[in-house]
Amino acid sequence: MGSRRFVVAIGFLCAMPGLVSAEVYRWVDKDGNVHFGDHIPKAYEAQGETLDIDSGHPSASERKSAEAIAESAREAADAARAYRHEQEQRAEEAGAKPAEVKPQQAEPQSLPESPGPGTRLTHEQQQERYEAQMRRYRESQRCFAPYKVVGGGTKGEAFKHCTPVPRPKYPGVD
């Protein structure tokens, strides 16, 4: 029961970051055990050290990157729902069950041409290239959607009909 209270107390402190001390200390006791805490006992002040702990607040660039990824995920989810709906309608019109309708092969869409070696793309060109790559990626995800297995994974036959396309990176985000 005591450990349960400890876990609840830690959970409460983690949920309320303003209540948690920003400084964390580390010290080794006389038996060689390493300890961490928000203060060092007087007996161990000489050997204790302050640890540099990241506050966990993302930087502006990390937020922008996360927002771009989240937007891509929302678009992919919307595209998968639209594709599934389209497949169900097509199956209904054909009088078949949705599982009997084979998805269309993702048609490769051309990407904006790459400049020659040593030439840099403008921001607009990078954005245009990224959007074209995202269109190819979403089309690939739509093609694979009917072959997804509950719990993760993809049926092997999907690779006969669909072309895997890796998720593109947002321009300027490494």
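Located above this text is the structure these notes cover.
Residues numbered from 1 in each chain as written. Predicted model: local features only at pLDDT ≥ 70, side-chain atom pairs only at ≥ 80, totals over all residues. Heavy atoms only, no water.

> Please provide a residue-by-residue account of the sheet that holds strand β3 (residues 49-51), values included.
What the three strands build is an open sheet, ordered β2-β1-β3; its pairing is antiparallel. Of all strands in the sheet, those with a lone pairing partner are β2 (34-37) and β3, marking the two edges. Neighbouring strand axes in the sheet, compared pairwise and without regard to direction, differ in orientation by 30° on average. In terms of strand pairing, strand β1 (residues 24-28) meets β3 through three bridges, oriented antiparallel. Pairing of Y25 across the sheet is with T50, part of β3. (Pairing = 2+ DSSP bridges. Helix = DSSP H or I, 4+ residues; strand = E, 2+ residues; numbered from the N terminus. Axes fitted to C-alpha atoms, helices over the stretch in contact; angles between N-to-C directions.)

> Which residues make up the environment of K64, and what are the values?
Secondary-structure assignment places K64 in helix α2 (residues 60-94). For K64, a relative accessible area of 54% puts it in the exposed group. A sequence separation of 109 residues divides K64 from V173, and the C-alpha atoms of the two residues are 8.9 Å apart. (Buried < 20%, exposed > 50% of the residue type's maximum accessible area, 1.4 Å probe, protein only.)

> Break down the pattern of salt bridges for me, with residues and values.
Using the criterion set out here, one finds five salt bridges in the structure. A salt bridge links R142 to E139; its shortest N-O distance comes to 3.3 Å. Taken together, the positions of R142 and E139, both in helix α3 (residues 123-144) and three residues apart, correspond to about one turn of that helix. (Salt bridge = Lys/Arg side-chain N within 4 Å of Asp/Glu carboxyl O.)

> With reference to specific residues and values, describe the environment of Q87.
Take Q87: it is sitting in helix α2. Put simply, Q87 and P146 are 59 residues apart on the chain and 9.0 Å apart in space, counted from C-alpha to C-alpha.

> Explain the state of the cysteines residue by residue, including any values.
If you walk through the whole model with that rule in mind, you get one disulfide. The partner cysteine of C143 in its disulfide is C162, sulfur to sulfur 2.0 Å. As the torsion about the S-S bond is roughly -80°, the C143-C162 disulfide counts as left-handed. Residue C143 is found in helix α3, and its partner C162 is found in the segment after α4 (158-161); the two are separated by 19 residues along the sequence. Looking at C162, the relative accessible area reads 4%, which means it is buried. (Disulfide = S-S within 2.5 Å.)

> Can you explain the packing of aromatic side chains? Please cite residues and give values.
If you walk through the whole model with that rule in mind, you get two aromatic pairs. Look at Y130 and Y170: their rings are 5.1 Å apart centre to centre, the planes differ by 80°, and that puts the pair in the edge-to-face class. One end of the pair, Y130, is in helix α3; the other, Y170, is in the segment after α4, and 40 residues separate them in sequence. Judged by relative accessible area, which is 8%, Y130 ranks as buried. (Phe/Tyr/Trp six-rings, centres within 6.5 Å; stacked < 30°, edge-to-face > 60°.)

> I'd love a proper account of α3, names of residues and values included.
The end-to-end C-alpha separation of α3 is 31 Å, in line with the 32 Å expected for 22 residues at 1.5 Å each. Along α3, the residues that are buried comprise Q127, R129, Y130, A132, M134, Y137, R138, E139, S140, C143 and F144. (Expected span 1.5 Å × (residues − 1).)

> Outline the pairing of β2, supporting the account with residue identities and numerical values.
On any regular strand, side chains alternate: one points to one face of the sheet, the next to the other face. Summarising the sheet, β1 and β2 pair through four bridges and their orientation is antiparallel. Within the sheet, the bridge partner assigned to V28 lies in β2 and is V34. Counting the residues between successive antiparallel strands, the hairpin from β1 to β2 contains five residues, one of them, G32, with a positive phi of roughly 85°.

> Talk me through the packing of α2 against α3; I want residue IDs and the actual numbers.
Two elements in contact, α2 and α3, have axes separated by 9 Å at closest approach and are oriented at 45°. Between α2 and α3, the angle is such that the two are oblique. When you trace α2 past α3, the crossing you get is right-handed. The segment α2 lies against α3, with S72, E75, A76, A79, A80 and Y83 engaging Y130, M134, R138, R142 and C143. Class assignment for the residues of the contact of α2 with α3 results in seven nonpolar, one polar and three charged. (Parallel < 35°, antiparallel > 145°, perpendicular 65-115°, else oblique. Left-handed = near helix turned anticlockwise from the far one by under 90°. Contact = heavy atoms within 4.5 Å. Nonpolar A, V, L, I, M, F, W, Y, C, P; charged D, E, K, R; others polar.)

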